[in-house]
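# Residue-level structure breakdown
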Protein chains: 2
Amino acid sequence: MSGAVTLKHIAERLNLSISTIGRALADDPQISLATRERVKAVAGELGYVAHSGARAMRSGRSTLIGLIIPDIQNEFYGTLAKALAEICANAGFQLVLGITEDDPESEERQVRGLLEARASGLVITASPRPTRETLSLLSRSTCVQLIRRTGQLEVPWFGIDEEAAIHSGTAHLIELGHRRIGYLGASTTLSTGRSRLAGFERAFTEAGLEVPREFVRLGRPRAAFAAEAFESLWTDGERPTAIVAAGARLTVGLLQAATRLGVAIPADLSVVGYGDAPWWNPNLTTISLPVRDIALACGEFLLRRIRETEPSSARSAAGQSVTFASALTPGASTRRV
Amino acid sequence: MSGAVTLKHIAERLNLSISTIGRALADDPQISLATRERVKAVAGELGYVAHSGARAMRSGRSTLIGLIIPDIQNEFYGTLAKALAEICANAGFQLVLGITEDDPESEERQVRGLLEARASGLVITASPRPTRETLSLLSRSTCVQLIRRTGQLEVPWFGIDEEAAIHSGTAHLIELGHRRIGYLGASTTLSTGRSRLAGFERAFTEAGLEVPREFVRLGRPRAAFAAEAFESLWTDGERPTAIVAAGARLTVGLLQAATRLGVAIPADLSVVGYGDAPWWNPNLTTISLPVRDIALACGEFLLRRIRETEPSSARSAAGQSVTFASALTPGASTRRV
DNA sequence: TTGTATGCGTTATCAG
DNA sequence: CTGATAACGCATACAA
């Protein structure tokens, strides 16, 4: 990234004008084939690399698409990121990854940086309480919400029917005869946390049962929280006979803690996990999520919006949302009692 | 991102010159405090967002740092990406993630895109056989190699002593009395694949034993390969009593296959895994890697280089390399025979 | 303390 | 078929 070669250099070398060089490299048919080839040869020889910043300055648009997520170590977001990166690459865009760890300041910085780079689009899984500035910035961008849904943000959303997802897992356990069912979930400051807890509760009320609130633990969606919460659940007072882990990293934490405490699954405890990580071991009963489908739909939608926005800046489809369904995948971690 | 607000708009609104606005927003002390505040107020009101492309065009440098890796679903790279993103954010840079899936064409596109964006630096875990063009592009950039080491690339490298890592795991099994030890590893087209296999072999020769070549399986470093390879190892002919999984995703695949085949660990089979994923379950004997340390060292180094390159474009330290040591973490997946 | 002028690398318009 | 020129948004050297 030092003394970069520019169109000017090539032009001087060939005694041609800058515009001719630019057109030749863009394969403008108005330029004679011979010239085009000479230009390309010299460009290659000199190691010319276009300057996308300069290009963006004229068009007002870049080939950048931002993905802002709380946590890349979550298998779920990892899969999403991979799928989106693929889609972007195929469409000639580059994916810029921002990781917030759910910190609103970090989130604001990431969003601002992306807008400064004139990113053509943004995909965001927002933190529980984004700053006013973040919301304002997002509202003026081509943006899509992923998974989590922030009330104050009037932009399209792609996510999962979380309520139904957790409902199905919980109902499965109730059907197997479990009553003392524990719940490890994200705090209800998150839209996903609220929906998932609602699904848990509905499974009980539908079955005419009391919701076992003493077995419900809400916190940060990280393995450490789940491990700690499960330990307290297992150690203090009456034990649950089953647990619903309502999050990918919560499932990891639960399994870690169970292993550490020597809890046999499903002999001592039935477990319903969240997501389809290949390492759920052994053979977990889990709530399967169509991660790839979501990423594809979301990516395609964003690309379409970006292309649309080009001619008419009509801000349509502002409230659009797409909900994907989950499916319960039976495994060996749940048993009848 | 539509009709963006520029310095000019603010200038017109306040009847000031563009340069005054620019200086005020940059907190230039030469501008009176009163003016600075008025300018900032209007900037906020209008929703001004700086144009990093234009800025980069003048400075020749952007706030982008590229990370090019084969596979984000690998826990190992996920942790690396997270740590690097953090470091970048703290230093005012943004991390641009490129995923190659070890495809040389995709890799070339990613690298080119990053150079076009005038990324200030690049961190790359290169594919087995990068294109000539990729190598040429990289050699003209501020670049650091991560983990894998490509011979044709004369740039600094940060990685692990892979040979020692696998040697320690293998020696551990030999010490426990195992002789029929299987090896699941990446193909030797990768520098890591070569080093790891060498470590496996040295453990045997040092102990005065034959290398059990019939138990060695090399392929793509993905779970699917490991699962398939282990199945053949377990099904055809004499069975190994232990396995070394020489890669993160290979460990995942091995454990999956073992579960599927009903192989009890460590009763039927001892296992040494690679890396410290929190879901190695149960309690794997594993080769622990200082992932975070590597990322930090690599990130700091790159940032230093970027800052240095600014004034003097001396291309020093071209061949520098830093090797990190691993440690064998004993678990419950290996036993004496 | 503020304003003017210039140029960064491209592309688009207009002219030859 | 090719060239000259302007403009994109910003930073900075130089004036005032």
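Okay, so let's go over this structure. Predicted model only: the values in this text are computed from it and were never measured.

## Quick word on the sheet that holds strand E9 (residues 270-274) of chain A
Residues and elements named next belong to chain A.
- Strands sit in the order E7-E6-E8-E9-E10-E12 across an open sheet of six strands; the sheet is mixed. Where the open sheet ends on each side, the last strands, each with one partner, are strand E7 (216-219) and strand E12 (327-329). Ignoring which end each strand starts from, the neighbouring axes of this sheet average 15° apart.
- Packed on one face of the sheet, helix H9 (residues 191-206) meets strand E6 (181-186), E7, strand E8 (242-246) and E9 and runs near 165° to E6.
- Against the sheet, helix H10 (residues 223-235) contacts E6, E7 and E8, and its axis sits at roughly 155° relative to E7.

## What to know about the protein's contact with DNA strand C
- If you check the shell around DNA strand C, you find 24 residues, and the closest are Tyr48(A), Ser19(B), Thr20(B), Arg23(B) and Arg58(B).
- The contact in question runs from a base oxygen of DNA strand C to an N or O atom on the side chain of Arg23(A), over 3.4 Å.
- Elements with a minimum of two residues in the surface near DNA strand C: helix H2 (18-25) and helix H4 (52-59) of chain A together with helix H2 (18-25) and helix H4 (52-59) of chain B.
- Residue contributions to the surface near DNA strand C peak at four residues, all from H4(A).
- For the surface near DNA strand C, the class distribution of residues is nine nonpolar, 10 polar and five charged.

## Comments concerning the nonpolar core
- Counting residues in hydrophobic clusters, the biggest one holds 102 residues, and the most contacted among them are Leu67(A), Leu146(A), Phe200(A), Leu67(B), Leu146(B) and Phe200(B).
- Within the second largest apolar cluster, 50 residues are counted, among which are Ala277(A), Phe215(B), Ala257(B) and Ala258(B).

## Description of the side chain of Arg196(B)
Residues and elements named next belong to chain B.
- By secondary structure assignment, the location of Arg196 is in helix H9 (residues 191-206).
- Judged by its relative accessible area of 10%, Arg196 is buried.
- Reaching out from Arg196, the side chain makes a polar contact with the backbone oxygen of Ala246 at a distance of 2.9 Å.
- For Arg196, the contacting residues outside a window of four places in its chain are Glu162, Ile166, Tyr183, Ala246, Gly247 and Tyr274.

## Here we look at the pairing of strand E5 (residues 157-160) of chain B
Residues and elements named next belong to chain B.
- Burial along E5 is two-sided: Trp157 and Gly159 facing one way and Phe158 and Ile160 facing the other are all buried.
- Across four bridges, E5 lies against strand E11 (residues 321-324) in parallel orientation. Residue pairing in the sheet places Phe158 in a bridge with Val322 of E11.

## With respect to the interface of chain A and chain B
- Taken together, the contacts link 53 residues of chain A with 53 residues of chain B.
- Roughly 4900 Å² of surface becomes buried between chain A and chain B when both sides are summed, with 56% attributable to carbon and sulfur atoms.
- Here chain A is connected to chain B by two salt bridges.
- Across the pair Glu101(A) and Lys82(B) runs a salt bridge whose closest N-O atoms are separated by 3.2 Å.
- Counting across the chain A and chain B interface gives 18 residue pairs in polar contact (both at pLDDT 80 or more).
- Among the elements of the structure, H4, helix H5 (75-90), strand E2 (94-99), helix H6 (104-116), strand E3 (121-124) and helix H11 (248-261) of chain A are those that each provide at least two residues to the side of chain A that touches chain B.
- The dominant element in the side of chain A that touches chain B, judged by the number of residues it contributes, is H5(A), at seven residues.
- For the side of chain A that touches chain B, the per-class residue count stands at 27 nonpolar, 18 polar and eight charged.

## Considerations on the relation of the copies chain A and chain B
- When chain A is fitted to chain B, the best match, at an RMSD of 0.1 Å, comes from turning it 180° and sliding it 0.1 Å along the axis. The relationship between the two copies is best expressed as a two-fold rotation axis.
- A high fraction, 96%, of the interface residues of chain A reappear at the interface in chain B, so the copies pair face to face through one surface.

## Things to note about the sheet that holds strand E12 (residues 327-329) of chain B
All names here are of chain B.
- Here we have six strands laid out as an open sheet, ordered E7-E6-E8-E9-E10-E12, and mixed in their pairing. Of all strands in the sheet, those bounded by a partner on one side alone are strand E7 (216-219) and E12. Each strand axis lies, on average, 15° off the axis of its neighbour in the sheet, ignoring direction.
- Judged from the three bridges that link them, strand E10 (residues 285-288) and E12 form a sheet pairing that is antiparallel.

## Re the pairing of strand E10 (residues 285-288) of chain A
Residue and element names in this part refer to chain A.
- Of the two faces of E10, both are covered, the one formed by Thr285 and Ile287 as well as the one formed by Thr286 and Ser288.
- Note that E9 and E10 share three bridges and pair parallel. Bridging from a neighbouring strand, Gly273 pairs with Thr286 of E10.

## Quick word on the protein's contact with DNA strand D
- Taken together, the neighbourhood of DNA strand D is formed by 23 residues, with Thr20(A), Arg23(A), Arg58(A), Tyr48(B) and Arg55(B) sitting nearest.
- Among all atoms of DNA strand D positioned within 4 Å of the protein, those belonging to sugar or phosphate total 58%.
- Arg23(A) places a polar side-chain atom, nitrogen or oxygen, 2.7 Å from a base nitrogen of DNA strand D.
- Here His51(B) contributes a backbone N or O atom positioned 3.4 Å from a phosphate oxygen of DNA strand D.
- Looking at the surface near DNA strand D, the elements that each hand over two or more residues are H2 and H4 of chain A together with H2 and H4 of chain B.
- The dominant element in the surface near DNA strand D, judged by the number of residues it contributes, is H4(B), at four residues.
- Its residues assigned to classes, the surface near DNA strand D comprises eight nonpolar, 10 polar and five charged.

Rules used in this analysis
Residues numbered from 1 in each chain as written. Chains lettered and ligands numbered in written order. Predicted model: local features only at pLDDT ≥ 70, side-chain atom pairs only at ≥ 80, totals over all residues. Heavy atoms only, no water. Pairing = 2+ DSSP bridges. Helix = DSSP H or I, 4+ residues; strand = E, 2+ residues; numbered from the N terminus. Axes fitted to C-alpha atoms, helices over the stretch in contact; angles between N-to-C directions. Contact = heavy atoms within 4.5 Å. Near = heavy atom within 4 Å. Polar contact = N/O pair within 3.5 Å; in protein donor to acceptor, adjacent residues only side chain to side chain. Nonpolar A, V, L, I, M, F, W, Y, C, P; charged D, E, K, R; others polar. Core = buried A, V, L, I, M, F, W, Y, C linked by side-chain atoms within 4.5 Å. Buried < 20%, exposed > 50% of the residue type's maximum accessible area, 1.4 Å probe, protein only. Buried area = accessible area lost by both parts, 1.4 Å probe. Salt bridge = Lys/Arg side-chain N within 4 Å of Asp/Glu carboxyl O. Least-squares fit on C-alpha atoms with pLDDT ≥ 70 in both.

Fair warning: the whole summary comes from geometry, so function is off the table for now.
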